[in-house]
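Coordinate inspection notes
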Amino acid sequence: MRLGTRLTLGLGVLSLAVFAVVGTALTAYMRDYLEQQLGKQLKLIQAVQAKDAAAHGTVRRKPYYGWYTAVYDVGGGSVSLRRPADVPEDTRPLADLARAMAHSDTELMRTARIEGEGTYRLRGCEVEPGVVLVSAAPVEDVEETVERLVTVQVVVFALALTALVVSGRRMLRHGLKPLSDMAHTAHGITSHDLTESAARLPLRADGRDGGREVAELRTAFNTMLEHIDDSLAVRAEAELRLRRFVADASHELRTPLMSVRGYADLFQYAAANEPAERERHLARLRAEAARMGILLDDLLLLARLDAAEVERPLRAEDTDPRELVQRAADAFRAGRPAHPLTVTDRTTGPLVLRLDPQRIRQVLDNLLANAAVHTPPGTPVTVELTATAHAVLVRVADAGPGIPADHRDRVFDRFYRVDKARTRDRGGSGLGLSVARSLVRAHGGDIDLTSRPGATVFTVRLPSRGLTDR
């Protein structure tokens with residue numbers, strides 16, 4: 001059954017139980033009330049009849065129609081009826097009450113059935129010692145009144161139950177409509193193709209009906225859909241990056257491989273070549289192989305940094321970052337004399353971090369090489385080292401033309417080049433900044449970029465807590 005049907009049936013059963021309890025209590029109360037009223041009426045009539053019996057020996061005043069009155073002489077265990085008396089043919093219930101009065105100090109009242117007459121309410125009182133007055137009133141009117149009350153209750157409760165179920169069903173259907181809408185939305189989601197790239201779920205559960213609980217469920221439902229949308233977007237972006245990565249890696253590897261293949265083919269004619277020419281071919285082969293080895297090393301390093309289940313390729317030790325900066329600066333001056341380099345140390349006191357000196361040196365070398373490659377000769381390059389309470393900052397800046405705004409968000413992507421026309425002899429494979437960012441993040445830090453014409457700054461932030469040995 002649907003939830004609305006179950007709730008309606010439950011409401012009907014609960015209402016029926018309530019009506020049954022109320023009807024039973026009301027009927028019992030009404031029956032008791034009418035019997036009490038009949039008893040009071042018998043008491044009033046017997047007060048008059050007792051005087052009549054005391055004066056005349058019997059009751060001469062006729063009671064109500066259908067009522068009976070008898071005067072008994074009680075003594076020695078025997079009971080005798082005084083005549084004349086208005087009594088039914090079956091007088092045993094009246095005589096039994098008179099006999100009981102002989103052993104009672106109070107007035108007695110009981111309900112008994114008289115053969116041929118029906119059920120009567122009997123009341124006895126002592127007129128004088130040895131003389132008992134017994135009156136009998138039919139309870140038929142009480143039974144009829146109670147039966148009518150029960151009939152009225154059944155009819156009224158049946159109508160009320162029908163109205164309650166019908167109106168309750170409508171109210172429940174209206175109240176549960178938001179849940180039905182959400183179920184419809186969920187069915188729509190199941191039919192949506194989630195394998196599409198950048199697939200987003202166009203369905204949402206809208207509306208304001210249903211109360212606070214339904215509103216909370218609707219909010220949770222929509223939040224779940226937003227989470228699914230975000231997950232699908234991340235998955236689509238990851239798939240796109242993977243396809244681009246595979247395509248770029250294939251392109252980067254194809255060039256040195258084709259060069260190696262070409263020079264290898266030339267060695268088929270090596271016997272006819274001069275030794276100098278063969279040496280030149282071998283040098284080119286070694287250069288292309290070295291280039292391909294560097295590219296593969298970078299790819300392997302990125303793969304190891306990305307794999308969470310693999311141990312990070314870092315060897316942490318206590319290191320002074322100022323020494324790393326100075327060594328990187330000396331190497332840059334020796335290899336890039338056309339770019340003047342300035343090193344500024346704004347730190348004071350001892351400065352020791354827990355990090356991998358070889359990997360951080362690789363980060364600094366990549367940033368400095370990037371500054372030299374993307375700026376014309378003579379462009380000043382600066383390295384600034386500062387320390388805060390929680391981190392050490394290394395800023396590598398150049399006064400070159402800057403990075404266009406539409407390229408800044410992607411300069412750290414793998415195989416991404418700002419200058420698409422740059423030759424491989426002048427530039428790298430597009431992995432330097434990606435490797436640098438991955439290494440810094442492996443140390444718990446990050447790299448930020450700010451750029452404008454005349455000032456491009458890469459800021460490396462290394463946390464003071466450093467790394468622990470793994």
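Named according to an unreviewed UniProt entry, the protein is histidine kinase originating from Streptomyces thermocarboxydus. For the protein, the Subcellular location (unreviewed entry) comment in UniProt is given as "Cell membrane". The Catalytic activity (unreviewed entry) comment attached to the protein in UniProt states, word for word, "ATP + protein L-histidine = ADP + protein N-phospho-L-histidine."

1. What about the side chain of N370?
For N370, the location among the structural elements is in helix α8 (residues 357–373). Among residues more than four places away in sequence, those in contact with N370 are L433 and F458.

2. Considerations on the sheet that holds strand β1 (residues 68–75)
Across the sheet, which stays open at both edges, the five strands sit in the order β2-β1-β5-β4-β3 with antiparallel pairing between neighbours. At either margin of the open sheet sits one strand with a lone partner, and together these are β2 (78–81) and β3 (108–114). Averaged over all adjacent pairs, the angle separating strand axes in this sheet is 35 degrees, with direction ignored. Two elements, β3 and strand β4 (residues 118–128), share seven bridges in a ladder whose sense is antiparallel.

3. Comments concerning the packing of aromatic side chains
All told, the structure shown has four aromatic pairs when counted by the stated rule. With a centroid separation of 6.5 Å and an interplanar angle of 20 degrees, the aromatic rings of Y29 and Y33 are classed as stacked. Of the two residues, Y29 and Y33 both sit in helix α1 (residues 3–56), four residues apart, roughly one turn of that helix. Residue Y29 is classed as exposed on the basis of its relative accessible area of 55%. Taking the relative accessible area as the measure of exposure, Y33 reaches 39% and is therefore partly exposed. Between Y68 and Y120, the ring centres sit 5.7 Å apart and the planes meet at 45 degrees, which makes this aromatic pair tilted. On the criterion of sequence distance, the pair formed by Y68 in strand β1 and Y120 in strand β4 is long-range, its members being 52 residues apart. We note that Y68, like Y120, is buried.

4. So, the pairing of β1
For β1, the buried fraction is high: six of the eight residues fall into the buried class. In this sheet, strand β5 (residues 131–138) lies alongside β1 in antiparallel orientation, the contact comprising six bridges. Bridge pairing in β5 links D73 to V131. Both β1 and β2 contribute to a ladder of four bridges, which runs antiparallel. Of the residues in β2, the one forming a bridge with Y72 is L81.

5. Focus on the sheet that holds strand β7 (residues 341–345)
Pairing is mixed across the open sheet formed by five strands, whose spatial order is β7-β9-β10-β12-β11. Both outer strands of the open sheet, β7 and β11 (446–452), are each paired with one neighbouring strand and no more. Taken pair by pair, the neighbouring strands of this sheet meet at an average axis angle of 15 degrees, ignoring direction. Two strands pair when backbone bridges link them, and strand β9 (residues 381–387) and strand β10 (residues 391–398) are joined in this way by seven bridges, in the antiparallel orientation. Within the sheet, the bridge partner assigned to A387 lies in β10 and is V392. Strands β7, β9 and β10 of the sheet are contacted by helix α7 (residues 321–335), whose axis makes an angle of about 170 degrees with β7. Those strands touched by α8 are β7, β9, β10, β11 and β12 (455–463), and its axis lies near 175 degrees from that of β12.

6. Side note on the packing of α1 against helix α3 (residues 140–175)
Closest axis-to-axis distance for the α1/α3 pair is 9 Å, and the angle between their directions is 160 degrees. As summarised for this structure, α1 and α3 are arranged roughly antiparallel, according to the angle between their axes. Note that α1 runs across α3; the crossing there is right-handed. Grouping the constituent residues of the contact of α1 with α3 by class yields 18 nonpolar, ten polar and four charged.

7. As for the environment of P453
If you trace the backbone, P453 turns up in the loop between β11 and β12. Accessibility expressed as a relative area gives 67% for P453, which makes it exposed. Remark: the alpha-carbon pair of P453 and A399, spanning 54 residues in sequence, is separated by 7.6 Å. Residues contacting P453, with those up to four places away along its chain left out, are G400 and P401.

8. Observations regarding the nonpolar core
By size, the foremost hydrophobic cluster in this structure holds 39 residues, and its most contacted members are V363, L368, I447, F458 and V460. Residue contacts for V460: discarding those within four places in its chain leaves V363, L367, V392, L393, V394, V440, D446 and I447. Y68, L97, A98 and A112 belong to the second-largest nonpolar core, a separate cluster that totals 17 residues.

9. What to know about α3
End to end, α3 covers 51 Å across 36 residues, agreeing with the expected 52 Å (1.5 Å per residue, within 8%). All of the buried residues along α3 are V142, V146, L149, Q153, L161 and G168.

Rules used throughout
Residues numbered from 1 in each chain as written. Predicted model: local features only at pLDDT ≥ 70, side-chain atom pairs only at ≥ 80, totals over all residues. Heavy atoms only, no water. UniProt positions renumbered as here; feature names shortened; annotations may be inferred. Helix = DSSP H or I, 4+ residues; strand = E, 2+ residues; numbered from the N terminus. Contact = heavy atoms within 4.5 Å. Pairing = 2+ DSSP bridges. Axes fitted to C-alpha atoms, helices over the stretch in contact; angles between N-to-C directions. Phe/Tyr/Trp six-rings, centres within 6.5 Å; stacked < 30°, edge-to-face > 60°. Buried < 20%, exposed > 50% of the residue type's maximum accessible area, 1.4 Å probe, protein only. Parallel < 35°, antiparallel > 145°, perpendicular 65-115°, else oblique. Left-handed = near helix turned anticlockwise from the far one by under 90°. Nonpolar A, V, L, I, M, F, W, Y, C, P; charged D, E, K, R; others polar. Core = buried A, V, L, I, M, F, W, Y, C linked by side-chain atoms within 4.5 Å. Expected span 1.5 Å × (residues − 1).

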